[in-house]
Amino acid sequence: MKKIKLGCSELQVTEVCLGSMTWGKQNSLNEALEQIDFALDQGINFIDTAEMYPVPPDEQTSGETERCIGEWIRASPGKRDEVVIATKIVGAGLPWIRNGSPISGQRIKEAVEGSLKRLNTDCIDLYQLHWPNRVTPHFARHWPGMVPHTQVDQARQEAEMVDILQGLDDCIKAGKIRYCGLSDDTPWGIGEYVRLSEKYDLPRMVSIQNEFSLIHAKDSPYVLESCVLNDVAYLPWSPLGGGVLSGKYRDGQIPSGSRWSFQQRNGLFRNTPVTHKAIEGYHGVAERHGLSLAQMALAWVYQTEGVTSTIIGASSLAQLKENIDAYQLKLSKEVLGEINAVFRQYPVPF
């Protein structure tokens, strides 16, 4: 599998990244270990996690996903240097993690210590801010009037960002993290962090991971442009739209044990009538060309200009194999044209 430079860092990562948020809830420790070994056997060298995983997050399971990775490291002596491990600090809102406090330089130092212990490693390759302290247009808040732009205190945001970068700088100088990145942020957020890192000689954000799929492509072209021109790696998460682009939820089905069968922190915001109309449209394209809907949807993300590494996850080894195999699928102009026709009908399904 091809490797690509992670933004302006020196890290070389595969174009497919192994997501992990099912480990510890939908998947057992043994299943997590099996997924890691299988992914590495397919050439993947990039694993993404977070201190709050698995999802849906709750106090009882918080941190279990990092512990699964830590157990793999413990059981695989000598393999730690073969993988690039990325994790994230939660933003404000989860009361069982640092009393739900927002991200700050001090909170980063505390969170890094916890993640290092659970991951059973001395250094985190990529440390990301899970979501900003300010309200941003993510998790179905992308409709007009939902984000209070005019109420943002820009001076306060700048002070918070500088404090965050200083905390990250301390961790990098201490050898506890190598690089830092963003998640669920915007072109303004990217630009501010780039500007402030240059102004104060502080660490540069090398990546951002945002939701991106056929049913949620709002980052194209604006965030993607910002990433390409600022040399920031773009890492799509939920490329199957929370699983709906696999087709598993067609005809009103919610299979037992699937993600939609669990109560979600932000609700089932993707489950709308328009989403299901879009899925039927894409399913028709896939069926006409003898393709798996999931593989077609993933291949579309893999082939989107500006995408660095796509974060995939699975609750079974069979699903993981299908998702990885989609990397080899090259969509024809005819298929892309039909996909585009459906997309133009349903550009914002939820």
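Residues numbered from 1 in each chain as written. Predicted model: local features only at pLDDT ≥ 70, side-chain atom pairs only at ≥ 80, totals over all residues. Heavy atoms only, no water.

1. Some thoughts on the nonpolar core
And step 1. Grouped together as the largest cluster of nonpolar side chains are 87 residues, with contacts concentrated most on Ile108 and Tyr282.
And step 2. Per-element tally for this core: the top contributor is helix α8 (residues 293-302), with nine residues.
And step 3. Those residues in contact with Tyr282 that lie beyond four places of it in its chain are Leu214, Leu245, Leu293, Met296, Ile339, Val342 and Phe343. (Core = buried A, V, L, I, M, F, W, Y, C linked by side-chain atoms within 4.5 Å. Buried < 20%, exposed > 50% of the residue type's maximum accessible area, 1.4 Å probe, protein only. Helix = DSSP H or I, 4+ residues; strand = E, 2+ residues; numbered from the N terminus. Contact = heavy atoms within 4.5 Å.)

2. As for the side chain of Thr308
And step 1. Tracing the sequence through the fold places Thr308 in the loop between α8 and β10 (310-312).
And step 2. Not counting residues within four places of it along the chain, the set of residues in contact with Thr308 comprises Ile4, Lys5, Glu15, Ala233, Tyr234 and Leu235.

3. As for the layout of surface pockets
And step 1. Of the voids in this model, the largest pocket is the one considered here, and its volume is about 870 Å³.
And step 2. Lining the largest pocket are 49 residues, with Met21, Val55, Ser238, Gly242 and Arg259 positioned closest to its centre.
And step 3. For the lining of the largest pocket, the secondary-structure elements that each account for two or more residues are β10 and α9 (317-325).
And step 4. The element best represented in the lining of the largest pocket is α9, accounting for three residues.
And step 5. Each residue belonging to the lining of the largest pocket can be placed in one class, and the counts come to 20 nonpolar, 21 polar and eight charged. (1 Å grid on protein atoms, 1.4 Å probe; cavity = no way out; pocket = protein on both sides within 12 Å on 5 of 7 lines; lining within 4 Å. Points joined across faces, edges and corners; volume = space filled by probe spheres on them. Nonpolar A, V, L, I, M, F, W, Y, C, P; charged D, E, K, R; others polar.)

4. Quick look at the pattern of salt bridges
And step 1. Summed over all chains, the structure comprises 24 salt bridges.
And step 2. Arg67 is paired through a salt bridge with Glu64; the nearest N and O atoms lie 2.9 Å apart. Separated by three residues within a single helix, Arg67 and Glu64 lie in helix α2 (residues 64-75), roughly one turn from each other.
And step 3. Linking Glu280 and Arg250 is a salt bridge whose minimum nitrogen-to-oxygen distance equals 2.8 Å. Of the two residues, Glu280 sits in helix α7 (residues 273-288) while Arg250 sits in the loop between β9 (233-237) and α7, which places them 30 residues apart along the sequence.
And step 4. Members of the salt-bridge network, linked through shared partners, are Glu51, Glu66, Arg98 and Arg118. (Salt bridge = Lys/Arg side-chain N within 4 Å of Asp/Glu carboxyl O.)

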